Amino acid sequence: MTKKYKIISKFIKDLSSETPNVETYLFVRDNISNYQLNINITSKALKNKLVEINTTLKFEDPSENTHKSHFEIVSATIVQVTDEIKEKDELQKIILCDVQKEIYDELAKSFLDLLHNSGYPNIKFEKKIDFEELYNQKFN
């Protein structure tokens, strides 16, 4: 089966690590195991069968405590789809699943580098995101 899209370009659109003070850093360092990785994917149609796909990863503490750090990366991927794409659900799968599987390893490495350089060298993402499973849960 041939791919019905081509990645034209990808780049980091936004990269953010915010720790307001030393007290917060020390608190987060001791409680970072409570942080969760969240992902959000949006897209925007461009000209000439191009689609801009923005993949946002956030590593955040879901609790109500006041000492929190903020970690976020937004990756933009520009994709050109072929004329064969006729159905909306086919395009959705490309955006939410196929492209994500192709870019995720590099994106996760960049995000881990941000976390490590922000003073949290022992952070690892144990589980790889299964985009196929997430897509099937949402649309099947």
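Residues numbered from 1 in each chain as written. Predicted model: local features only at pLDDT ≥ 70, side-chain atom pairs only at ≥ 80, totals over all residues. Heavy atoms only, no water.

Engineer: Hey, could you go over the pairing of strand E2 (residues 36-45) for me, with residue numbers and the actual values?
Structural biologist: Each regular strand shows side chains that alternate between the opposite faces of the sheet. Bridging between E2 and strand E3 (residues 50-60) involves 10 bridges; their strand directions are antiparallel. Considered in E3, the bridge of Thr42 is made with Asn54. The antiparallel pairing of E2 with E3 creates a hairpin that spans four residues between the two strands, and Asn48 there sits at a positive phi of about 60°. (Pairing = 2+ DSSP bridges. Helix = DSSP H or I, 4+ residues; strand = E, 2+ residues; numbered from the N terminus.)

Engineer: Any details on the layout of surface pockets? Residues and values, ideally.
Structural biologist: Remark: the empty space left among the atoms is shown by a probe the size of a water molecule rolled over them. Considering only enclosed or pocket space, the largest pocket measures out at about 400 Å³ in volume. Surrounding the largest pocket, 17 residues form its lining, Leu37, Phe125, Glu126, Lys127 and Ile129 being those nearest its centre. When residues of the lining of the largest pocket are traced back to their parent elements, those giving at least two are E2 and helix H3 (131-139). Among the elements that line the lining of the largest pocket, the one with the most residues is E2, at three residues. (1 Å grid on protein atoms, 1.4 Å probe; cavity = no way out; pocket = protein on both sides within 12 Å on 5 of 7 lines; lining within 4 Å. Points joined across faces, edges and corners; volume = space filled by probe spheres on them.)

Engineer: Mind laying out the nonpolar core, listing which residues take part and the relevant values?
Structural biologist: Counting 21 residues, the largest nonpolar core has Ile32, Phe59, Phe71, Phe111, Leu115, Ile123 and Phe125 as the members making the most contacts within it. Looking at this core, the elements that each hand over two or more residues are E3, strand E4 (70-81), helix H2 (88-117) and H3. Top element by residues in this core is H2. It accounts for eight residues. When neighbours within four sequence positions are excluded, Phe71 is seen to be in contact with Ser16, Ser17, Ile32, Tyr35, Leu57, Lys58, Phe59, Phe111, Leu115, Ser118 and Tyr120. Grouped together as the second largest cluster of nonpolar side chains are 11 residues, Ile7, Val51, Ile53 and Val79 included. (Core = buried A, V, L, I, M, F, W, Y, C linked by side-chain atoms within 4.5 Å. Buried < 20%, exposed > 50% of the residue type's maximum accessible area, 1.4 Å probe, protein only. Contact = heavy atoms within 4.5 Å.)

Engineer: Which residues make up the environment of Asn65, and what values go with them?
Structural biologist: On the secondary structure map, Asn65 appears in the loop between E3 and E4. Given a relative accessible area of 24%, Asn65 falls into the partly exposed group. Within the local environment of Asn65, its side chain forms a polar contact with the side chain of Asp61, the two groups lying 2.8 Å apart. A distance of 2.8 Å separates the side chain of Asn65 from the side chain of Ser63, its partner in a polar contact. (Polar contact = N/O pair within 3.5 Å; in protein donor to acceptor, adjacent residues only side chain to side chain.)

Engineer: Could you give an account of unusual backbone geometry, with specific residues and numbers?
Structural biologist: One non-glycine residue with positive phi stands out, namely Asn48, at about 60°. Within the chain, Lys49 stands out as a residue other than glycine whose phi angle is a positive 60°. Take Lys49: it is sitting in the loop between E2 and E3.

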